[in-house]
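Results of the structural survey
Okay, here's what each chain looks like letter by letter:
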Amino acid sequence: MCNINTAEVAYRKKAMWFGIILSVVIFAVLLLLGASWWLGAIFLFIPVYIGAIGYLQVRNRFCVSYGSKGQQNADESGESAQAVTDNEAIAADKTKTRRMNIQALGITLAVLLIASAALYVA
């Protein structure tokens with residue numbers, strides 16, 4: 001199931017890299033400052049989540065925002081999102097959206113656990 005075109009995938013790939021790079025920079029700064037583990041968890045949560053959800057959207061060619069709104073932009077010549085009219089497809093998209101958000105949260109928590117442990121030990 002795909003709800004975004006190549007241009008949309010490229011946009012999400014940029015967001016993914018932004019989240020990953022920002023996470024690494026923030027982690028390095030926290031490590032250099034000798035910040036506490038809980039401070040790392042607070043400052044890293046959002047950028048790590050952005051990187052994780054971006055990765056999942058690129059891998060699945062699926063936008064969670066479009067999926068939650070019942071929209072899609074899978075047509076390669078499409079410039080904007082259009083409404084999905086099939087109720088079964090809308091329900092499937094919402095299920096996939098929930099699953100991807102849970103997966104991104106799991107990835108985020110795993111990364112935060114590792115980063116917090118590194119900050120605790122340092």
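Up top is the structure.
Computed from a prediction, not measured in an experiment: that's the story for all the values here.

Next up on the list: the environment of Ala35. Position of Ala35 among the secondary structure elements: in the loop between helix H1 (6-33) and helix H2 (37-60). Those residues in contact with Ala35 that lie beyond four places of it in its chain are Leu30 and Leu119.

Before going further, it helps to examine unusual backbone geometry. Even without being a glycine, Arg61 presents a positive backbone phi close to 50°. By secondary structure assignment, the location of Arg61 is in the loop between H2 and helix H3 (64-69).

Among the surface-exposed residues, Trp17, Ile20, Ile21, Val24, Val25, Val29 and Leu33 lie close enough to one another that they form a single nonpolar patch of about 670 Å² accessible area. Take Ile20: its relative accessible area is 33%, and that puts it in the partly exposed class.

The next point concerns the state of the cysteines. Under the criterion given, the structure shown has 0 disulfides. Among the cysteines around Cys2, which has no disulfide bond, Cys63 carries the closest sulfur, lying 11 Å off. The partly exposed category is assigned to Cys2, whose relative accessible area is 37%.

With that out of the way, let us pick up the pattern of salt bridges. One pass over the full model with this rule turns up 2 salt bridges. Glu8 is paired through a salt bridge with Arg12; the nearest N and O atoms lie 2.7 Å apart. In this pair, Glu8 and Arg12 both sit in helix H1, 4 residues apart, roughly one turn of the helix. Across the pair, Arg12 and Glu8 agree in class, each one buried. Measuring nitrogen to oxygen at the nearest pair gives 3.7 Å for the salt bridge that ties Glu76 to Arg61. Of this pair, Glu76 sits in the loop between strand E1 (71-72) and strand E2 (82-83) while Arg61 sits in the loop between H2 and H3, placing them 15 residues apart in sequence.

As a further point, take the packing of aromatic side chains. For any pair of aromatic rings, the description rests on two quantities: the centre-to-centre distance and the angle between the ring planes. Under the criterion given, the structure shown has 1 aromatic pair. Between Phe45 and Tyr49 the ring centres are 6.3 Å apart and the planes differ by 15°, which places this aromatic pair in the stacked class. On the criterion of helical spacing, the pair formed by Phe45 and Tyr49 is a turn pair, its members being 4 residues apart in helix H2. By relative accessible area, which is 30% here, Phe45 ends up partly exposed. The ring of Tyr66 has Arg12 lying over it, and the distance from NZ or CZ to the ring centre is 5.5 Å. A cation over a ring is seen here: Lys96 above Phe62, with NZ or CZ 5.4 Å from the ring centre.

Another point: the side chain of Glu8. For Glu8, a relative accessible area of 12% puts it in the buried group. Separated by 2.9 Å, the side chains of Glu8 and Tyr66 make a polar contact. Apart from residues lying up to four places away in sequence, Glu8 is in contact with Tyr66 and Asn73.

Definitions and cut-offs
- Here the residue index of a chain counts from 1 through its sequence in written order.
- Given that this is a predicted model, residues contribute local features only at a pLDDT of at least 70 and side-chain atom pairs are listed and counted only at 80 or more, while totals for whole chains, interfaces and linings are drawn from all residues.
- Side-chain descriptors were evaluated using all non-hydrogen atoms of the structure, hydrogens and water having been removed beforehand.
- Numbering of helices and strands runs from the N terminus; a helix is a DSSP stretch of H or I covering at least four residues, while a strand is a stretch of E covering at least two.
- Residues count as neighbours in contact if any of their non-hydrogen atoms are within 4.5 Å of one another.
- Put simply, a patch holds well-exposed residues, over 30% relative accessible area, that have no salt bridge, with like charges counted together within 9 Å and Val, Leu, Ile, Met, Phe, Trp or Tyr side chains within 5 Å.
- Residue exposure ignores everything except the shown protein chains as possible cover, and the areas themselves are Shrake-Rupley values with a 1.4 Å probe.
- Any Lys or Arg side-chain nitrogen found within 4 Å of a carboxyl oxygen on Asp or Glu counts as a salt bridge.
- With a 1.4 Å probe rolled over the protein chains alone, any residue whose accessible area is under 20% of its type maximum counts as buried; one over 50% counts as exposed, and the rest are partly exposed.
- Disulfides are defined as cysteine sulfur pairs within 2.5 Å.
- Pairing of aromatic side chains requires ring centres within 6.5 Å, counting the rings of Phe and Tyr and the six-membered ring of Trp. Pairs whose planes differ by under 30 degrees are stacked, by over 60 edge-to-face, and all others tilted.
- Counted as over-ring charges are cases with an Arg CZ or a Lys NZ within 6 Å of the ring centre that also lie within 35 degrees of the ring normal.
- Throughout this description, a polar contact denotes any pair of N or O atoms lying within 3.5 Å of each other; where both atoms belong to protein, one of them has to be capable of donating a hydrogen while the other can accept it, and for residues adjacent in sequence the pair is counted only when both atoms sit in side chains.

It is worth stressing that arrangement in space is one thing and function is another; only the former is reported here.
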